[in-house]
Amino acid sequence: MVVIRGATTIPEDSKEEIRKAVAELLGQITSCNHILKDEITSIVFSSTSDIHSYYPSKAAREAGFEGVALFSAQEPEIDGSLPLCIRVMLFVEKNLTPRHIYLRGAKILRRDITNIYNVAIDGPAGSGKSTVAKILAADYSILYLDTGAMYRACALAALENGVDVSDERAVIDLMRSVSLDVRYENGIQKTLLNGRDVSDEIRRPEISMAASTVSKHPSVRLHLVDKQREIASVNSCVLDGRDIGTYVLPDAAFKFFLTASPEVRAKRRYDELVAKGHEVDFQALKEEIIRRDEQDSRRKMAPLRRAEDAVVIDTSNMTIDEVVSFIKKTMQEKI
Ligand code: DC
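Residues numbered from 1 in each chain as written. Predicted model: local features only at pLDDT ≥ 70, side-chain atom pairs only at ≥ 80, totals over all residues. Heavy atoms only, no water.

Considerations on the sheet that holds strand β4 (residues 85–92)
We apply this condition: When DSSP finds two or more bridges between two strands, those strands count as paired. Numbering of helices and strands runs from the N terminus; a helix is a DSSP stretch of H or I covering at least four residues, while a strand is a stretch of E covering at least two.
Strand order in this open sheet of 5 strands is β3-β2-β4-β1-β5, and the pairing throughout is mixed. Edge strands, defined here as strands with exactly one partner in the open sheet, are β3 (69–74) and β5 (101–102).

Structure below.
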């Protein structure tokens, strides 16, 4: 028997909000823990004393948790407690390492349940995510997981094997037949395709758009997200990407969303590529970045989007040091 915990908040005390929040919370818990409804023995809810409109257990029943023993209780009024908060405990008949899920600003009230923590850094291309994530990971002595590298490796595999990157079936069949691994050497991420270190090749400019295209395919995302969650469940890490705070780790302890104007982002990418010896046309690069962001934001599954509880940082006029200091200060205040 495993116990999974979770919590969420509602914007107002209404039946509709309670139903929505309970369905979302249970949905995230079951998908992040890969559990089926009939593997759950019972679910116990508690809600803060400012919630009166509906029983969370009734909302759970309506969300399809029918054969499960359900129970709701109201917590006593406690000074300083998070308002409009619903907490849950699921008892599951399965052998797994539980992922506890905290949504919509609900705090992890018991730090003792896990000492692994994750920092999610999302944002569009060139917003400074990877530079900042690398520094944070080094300063906190935790892993840096560059999730974009996985989509890039997938695009590289497709291009090398003559597979059309827009053909979902062909791309996922290919991904299931190759091995894609992430290894760390002296704290630096190496991306391996069939054992070959492709960390440099995946940075080639033509890989960027192809990576964005393969990342639209739900089956490809699920394949890679599983790997990302697996790494993050056993290691504290800083992860950068597009959907870390919204989809990969909605329960990440810390979430940031970095942005910058398209001009600034294109200039950063341009300088990076020129420094590596690539010949680049600035205007074409800027247009490509805008097109890629649009494609990443418009896809159906887990698009580029800020999580509601992520702290937004516009890095257009900030130095790397300023961004890092701001993030550290924000994390410190939250602990
Ligand atoms: O961060 P990057 O430029 O290396 O990412 C390349 C592409 O991969 C990006 O355009 C969209 C996709 N990607 C994604 O869909 N989700 C992530 N978590 C990371 C990257």
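After presenting the structure, the write-up continues.
Details of unusual backbone geometry
To keep it simple, the criterion reads: Categorising residues by exposure relies on relative accessible area from a 1.4 Å probe, with only protein chains included: less than 20% of the type maximum marks a residue as buried, more than 50% marks it as exposed, and the intermediate range marks it as partly exposed.
The phi angle at S141 is positive, at roughly 55°, despite the residue not being glycine. Assignment of secondary structure puts S141 in the loop between α3 (129–140) and β7 (143–146). Its relative accessible area of 66% is what places S141 among the exposed residues. Its identity is not glycine, yet N194 carries a phi of approximately 45°, on the positive side. Within the secondary structure layout, N194 lies in the loop between β9 (188–193) and β10 (196–197).

A word on the pattern of salt bridges
For clarity, the cut-off: The salt bridge definition used is simple: a Lys or Arg side-chain nitrogen within 4 Å of an Asp or Glu carboxyl oxygen.
Across all of its chains, the model carries 22 salt bridges by this definition. One salt bridge in this structure joins R196 and E201, with 2.9 Å as the shortest N-O distance. The class of R196 is partly exposed, set by a relative accessible area of 35%. Measuring nitrogen to oxygen at the nearest pair gives 3.9 Å for the salt bridge that ties E294 to R298. Highlighted residues: E294 and R298, both in helix α10 (residues 282–298), separated by 4 residues, approximately one helical turn. On the basis of relative accessible area, E294 is assigned to the partly exposed category, the value being 38%.

Describing the packing of helix α4 (residues 147–160) against helix α7 (residues 218–234)
Test applied: Lines fitted to C-alpha atoms define the axes, with helix axes restricted to the stretch in contact, and inter-axis angles between N-to-C directions lie between 0 and 180 degrees. These descriptions rest on fixed angle ranges, namely under 35 degrees for roughly parallel, over 145 for roughly antiparallel, 65 to 115 for roughly perpendicular, and the rest for oblique. A clockwise turn of the near helix away from the far one marks a right-handed crossing, whereas an anticlockwise turn of less than a right angle marks a left-handed crossing. Residues count as neighbours in contact if any of their non-hydrogen atoms are within 4.5 Å of one another. Side-chain classes follow a simple rule in which Ala, Val, Leu, Ile, Met, Phe, Trp, Tyr, Cys and Pro form the nonpolar group, Asp, Glu, Lys and Arg form the charged group, and the remainder, Gly included, forms the polar group.
Orientation of α4 relative to α7, taken along the N-to-C sense of each, is 140°, at an axis distance of 11 Å. Classed by the angle they form, the pair α4 and α7 counts as oblique. Relative to α7, α4 is oriented so that their crossing is right-handed. Residue-level inspection shows T147, M150, Y151 and C154 of α4 in contact with α7, the latter providing V220, R221, L224, V225, K227, Q228 and I231. Its residues assigned to classes, the contact of α4 with α7 shows 7 nonpolar, 2 polar and 2 charged.

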